[in-house]
Amino acid sequence: MEQIIECNNLTHYYGKRLIYENLSFTVPQGRILGLLGKNGTGKTTTINILSGYLKPHSGECRIFGQEIQTISPALRRNIGLLIEGHVQYQFMTITQIEKFYAAFYPGQWKKEAYYELMNKLKVAPGQRISRMSCGQRSQVALGLILAQNPELLVLDDFSLGLDPGYRRLFVDYLRDYARSEGKTVFLTSHIIQDMERLIDDCIMMDYGKILIQKPIAELLEKGRCYTCTVPEGYEFPASDDFYHPSIMRNQLETFSFLSPEEAETKLKLMAVPYTDLHSKHVNLEDAFIGLTGKY
């Protein structure tokens, strides 16, 4: 499968502060990949590197096989980018801004994708962008990106400002659009419930590194929350198989990719004095907290 995005050994600093070191990942053609991480782990930095706005301290980022810093204009036109700030020409109406942007993409522009999304959001064609809510403006920007008909969509906090109903509507619309058109999507969002409905693959970042990169189906199938009772004052030993164990009132809680049988065997090998072991499957938000910690 062709890799649309290839990032190899990315290292970046802001001043003397290390954001991450030797970060590597790929995004295959036709997949929707979500980048998750707590604030300050480097999500927007990664978006800025992918867009070519930021040159990493070291490492390489290639899109469509070309280094992003020197990518040809023809290939750059195949990247649809949404970053903070959304639409700039806010004095225009819905119709005016569509006609304005269409002129930059002759032979490529698909205005139907734009107006279909505007109709779903019940935005009037003559409505001025300056009089819209933040969430509505973000969807105008996304509609313009869809009309651009790029092969790759890079979306930073794509559901910013939308209420729950419109978020659900847009997530379903974007998922169906990307899959039916064979688009590749790389996105971030602070609303993890949206990601669970949308993405095929997931990258979870911690400070300075990638924790996991897995298909979402595999993550949710194999990831489990384990709870058990331990003696008062017990300290759980460090283990690569159990993430962020926490103990409150003798109740141990931890996240693991081990099966119940494997977890029980491992706990016995570690000589953990546990009783009443239970496990349950988790949703994406629980998996994120389990892997990155609550704090």
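For clarity, every value in this text was computed on a predicted model and none was experimentally measured.

J.: I'm lost on the nonpolar core in this one. Help?
T.: Soluble globular proteins tend to pack their nonpolar side chains together in the buried interior. Core analysis: the biggest nonpolar cluster contains 53 residues, and Leu155, Leu187, Met204 and Leu284 have the highest contact counts within it. Counting residues per element, this core draws most heavily on helix 5 (residues 134–148), which supplies 7 residues. Here this core gathers at least three residues from each of two domains, domain 1 (3–218) and domain 2 (223–292). Core analysis: the next-biggest nonpolar cluster, separate from the first, contains 26 residues, Ile4, Val27, Ile79 and Phe186 among them.

J.: For this particular structure, what's the right way to read the domain arrangement of the protein chain?
T.: How big an interface is tends to be expressed through the accessible area that disappears when the partners come together. Domain boundaries assigned for the protein chain yield domain 1 (3–218) and domain 2 (223–292). Put simply, the middle of domain 1 and the middle of domain 2, counted by C-alpha atoms, are 35 Å apart. On the side of domain 2, 9 residues touch domain 1, which itself brings 16 residues to the contact. Interface area, domain 1 with domain 2, both sides summed: about 1,100 Å², of which 77% is carbon and sulfur. Three residues stand out in domain 1 for area buried against domain 2, namely Lys38, Ile192 and Met204, and they jointly supply 42% of the buried area on that side. On inspection of domain 1 and its partner domain 2, the count reaches 0 salt bridges. Our count for the contact surface shared by domain 1 and domain 2 stands at 2 residue pairs in polar contact (both at pLDDT 80 or more). Sorting elements by how many residues they give to the side of domain 1 that touches domain 2 places helix 7 (residues 192–198) first, with 4 residues. The residue inventory of the side of domain 1 that touches domain 2, partitioned by class, reads 10 nonpolar, 2 polar and 4 charged.

J.: I keep staring at the side chain of Lys183 and nothing clicks. Help me out?
T.: By the element assignment, Lys183 lies in the loop between helix 6 (164–181) and strand 8 (184–188). A distance of 2.7 Å separates polar atoms of two side chains, one belonging to Lys183 and the other to Asn149. Only 3.2 Å separates the side chain of Lys183 from the backbone oxygen of Pro150, close enough to count as a polar contact. Those residues within four positions of Lys183 in sequence are excluded, and the remaining contacts are Gly30, Arg31, Asn149, Pro150, Glu151, Leu153, Tyr177 and Ala178.

J.: What's the story with the packing of aromatic side chains in this structure? I'm lost.
T.: For any two aromatic rings, the description comes down to two numbers: the centre-to-centre distance and the angle of the planes. Per the counting criterion, the structure on display carries 11 aromatic pairs. A centroid spacing of 5.7 Å and a plane angle of 25 degrees characterise the contact between Tyr105 and Trp109, whose relative ring orientation is stacked. For the pair formed by Tyr105 and Trp109, the shared burial category is buried. Members of the aromatic cluster, each reached through a chain of ring pairs, are Tyr89, Phe91, Phe100, Tyr101 and Phe104. The ring of Phe257 carries the charged tip of Lys214 above its face, separated from the ring centre by 5.1 Å.

J.: Please clarify how the sheet that holds strand 14 (residues 275–281) should be interpreted in this entry.
T.: Taking strand neighbours across the sheet as the criterion, the 4 strands line up as 12-13-11-14 in an open arrangement whose pairing is antiparallel. Each of the sheet's edge strands pairs with one partner strand only, and the pair in question is strand 12 (243–248) and strand 14. Taking each pair of neighbouring strands and ignoring which way they run, the sheet shows an average axis angle of 15 degrees. When strand 12 meets strand 13 (residues 251–256), the two strands line up antiparallel, connected through 4 bridges. Following the sheet pairing, Tyr243 is matched in strand 13 by Phe255. Where helix 10 (residues 284–292) meets the sheet, its contacts fall on strand 12 and strand 13, and the angle it forms with strand 12 comes to roughly 90 degrees.

Conventions used here
Residues numbered from 1 in each chain as written. Predicted model: local features only at pLDDT ≥ 70, side-chain atom pairs only at ≥ 80, totals over all residues. Heavy atoms only, no water. Core = buried A, V, L, I, M, F, W, Y, C linked by side-chain atoms within 4.5 Å. Buried < 20%, exposed > 50% of the residue type's maximum accessible area, 1.4 Å probe, protein only. Helix = DSSP H or I, 4+ residues; strand = E, 2+ residues; numbered from the N terminus. Domains from an automatic or database assignment. Contact = heavy atoms within 4.5 Å. Buried area = accessible area lost by both parts, 1.4 Å probe. Salt bridge = Lys/Arg side-chain N within 4 Å of Asp/Glu carboxyl O. Polar contact = N/O pair within 3.5 Å; in protein donor to acceptor, adjacent residues only side chain to side chain. Nonpolar A, V, L, I, M, F, W, Y, C, P; charged D, E, K, R; others polar. Phe/Tyr/Trp six-rings, centres within 6.5 Å; stacked < 30°, edge-to-face > 60°. Lys NZ or Arg CZ within 6 Å of the ring centre and 35° of its normal. Pairing = 2+ DSSP bridges. Axes fitted to C-alpha atoms, helices over the stretch in contact; angles between N-to-C directions.

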